[in-house]
Amino acid sequence: MAKKKYLTETEMLEQFRNSFENAKKQTEIATIMAEFGYTPEVIAEGELLLKTARTAYDANQKEGDETSKAYKDYAKVKEKLEKIYLLDRKKAKVIFSNDPYAYDELSLAGVVPNAHINFIELTRKFYNGLLNNPELQSKVARLKLTQEGITKALELIEQVNLLRSEFLKELGESQLSRKTKDEALAAIELWMREFYAVAKIALDDKVKLLKALKG
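Cut-offs and rules
- Residues numbered from 1 in each chain as written.
- Predicted model: local features only at pLDDT ≥ 70, side-chain atom pairs only at ≥ 80, totals over all residues.
- Heavy atoms only, no water.
- Helix = DSSP H or I, 4+ residues; strand = E, 2+ residues; numbered from the N terminus.
- Rg over C-alpha atoms; globule rule 2.2 N^0.38 Å.
- Buried < 20%, exposed > 50% of the residue type's maximum accessible area, 1.4 Å probe, protein only.
- Contact = heavy atoms within 4.5 Å.
- Areas by Shrake-Rupley, 256 points an atom, 1.4 Å probe, with all protein chains shown as cover.
- Lys, Arg positive; Asp, Glu negative; His and termini not counted.
- Charge placed at Lys NZ, Arg CZ, Asp CG, Glu CD.
- Axes fitted to C-alpha atoms, helices over the stretch in contact; angles between N-to-C directions.
- Parallel < 35°, antiparallel > 145°, perpendicular 65-115°, else oblique.
- Left-handed = near helix turned anticlockwise from the far one by under 90°.
- Nonpolar A, V, L, I, M, F, W, Y, C, P; charged D, E, K, R; others polar.
- Salt bridge = Lys/Arg side-chain N within 4 Å of Asp/Glu carboxyl O.

Undergrad: Please clarify how the overall build of the chain should be interpreted in this entry.
TA: Scanning the chain for helices and strands turns up 8 helices and 0 strands. Along the chain, helices (α) and strands (β) appear in the sequence α-α-α-α-α-α-α-α when read from the amino end. Rg of the C-alpha trace for the chain: 31 Å, well past the compact-globule value of 17 Å for 215 residues, more than 25% over. Within the chain, the fraction of its 215 residues that count as buried is 35%. When contacts within the chain are restricted to residue pairs at least 6 apart in sequence, long-range pairs at least 24 apart make up 72% of them. For the chain, the computed accessible surface area is about 13500 Å², with 56% contributed by carbon and sulfur atoms. In the chain, 36 positive and 34 negative side-chain charges are present, and the distance between their average locations comes to 7 Å.

In structure tokens:
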């Protein structure tokens, strides 16, 4: 028994478009389908559903591309921050290996978390701890961890946060557009399911026309 072929969303939209074109342009199909209730006016209703679905699909694709770009922008800058921070952290751990106060002040113990919020809080505490403590800052300066580098790292932290906010905004818009797309596709798919069911009856003895109708 042959497996049922499941169409992709783009394949489904194209099949529906072809079906409407054939239902309108092939006179014999149009005449027979009209006798079974699918007049030009009714076909137009289906075409409107298809147009809505196509628009929603295209909008979702656009939102998906924008979300992907926003994530890549965020990930790229976060990776840059991670690289800088991990090196600076190593320097600080060497300098303050025998200084429990500094270790606690700069959160040098334990592992670096992967979660965004925890990572950002850790890096912010580290660089602010150095920036606001001239004594600690002077000690790390000999390993080329300068005030300028500290300031730039803090600016990078804010940039990472802004890019993540932009990504989350795009993600929310993408999820909303996906919901709209899914609803629109479900509506046209339901309409076409009945349309094809009626066509199968109407064109029962005209296999070639039925095949043409389905594209």
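Undergrad: What is the right way to look at the side chain of Glu-170 in this model?
TA: With respect to the secondary-structure elements, Glu-170 resides in helix 7 (residues 147–202). Apart from the residues within four sequence positions on either side, Glu-170 is in contact with Glu-63, Glu-66, Thr-67 and Ala-70.

Undergrad: It is not clear to me how the packing of helix 3 (residues 40–95) against helix 7 should be interpreted in this structure. Could you clarify?
TA: The axes of two packed helices give the description: the angle between them and the distance between them. Across the interface, helix 3 lies against helix 7 with an axial gap of 6 Å and an inter-helix angle of 160°. Between helix 3 and helix 7, the angle is such that the two are roughly antiparallel. Handedness of the helix 3/helix 7 crossing: left-handed. Here the residues of the contact of helix 3 with helix 7 sort into 27 nonpolar, 9 polar and 11 charged.

Undergrad: Help me understand the packing of helix 1 (residues 9–25) against helix 2 (residues 27–35) in this model?
TA: Across the interface, helix 1 lies against helix 2 with an axial gap of 5 Å and an inter-helix angle of 90°. One finds that helix 1 runs roughly perpendicular with respect to helix 2. Residues Asn-22, Ala-23, Lys-24 and Lys-25 of helix 1 lie in contact with helix 2, whose contacting residues are Thr-27, Ile-29 and Ala-30. Looking at the contact of helix 1 with helix 2, its residues break down into 3 nonpolar, 2 polar and 2 charged.

Undergrad: I tried to follow the pattern of salt bridges on my own but got confused; where do I start?
TA: Two side chains that carry opposite charge are able to pair once their charged atoms sit near each other. Applying the stated criterion across every chain yields a total of 19 salt bridges. As a salt-bridge pair, Glu-14 and Arg-17 come within 2.7 Å of each other at their nearest N and O atoms. On the criterion of helical spacing, the pair formed by Glu-14 and Arg-17 is a turn pair, its members being 3 residues apart in helix 1. Here Glu-173 makes a salt bridge to Lys-169, at a shortest N to O gap of 3.4 Å. Of the two residues, Glu-173 and Lys-169 are both situated in helix 7; the distance of 4 residues between them amounts to about one turn of the helix. Glu-173 sits in the partly exposed class, given a relative accessible area of 31%. Given the relative accessible area of 39%, Lys-169 is considered partly exposed.

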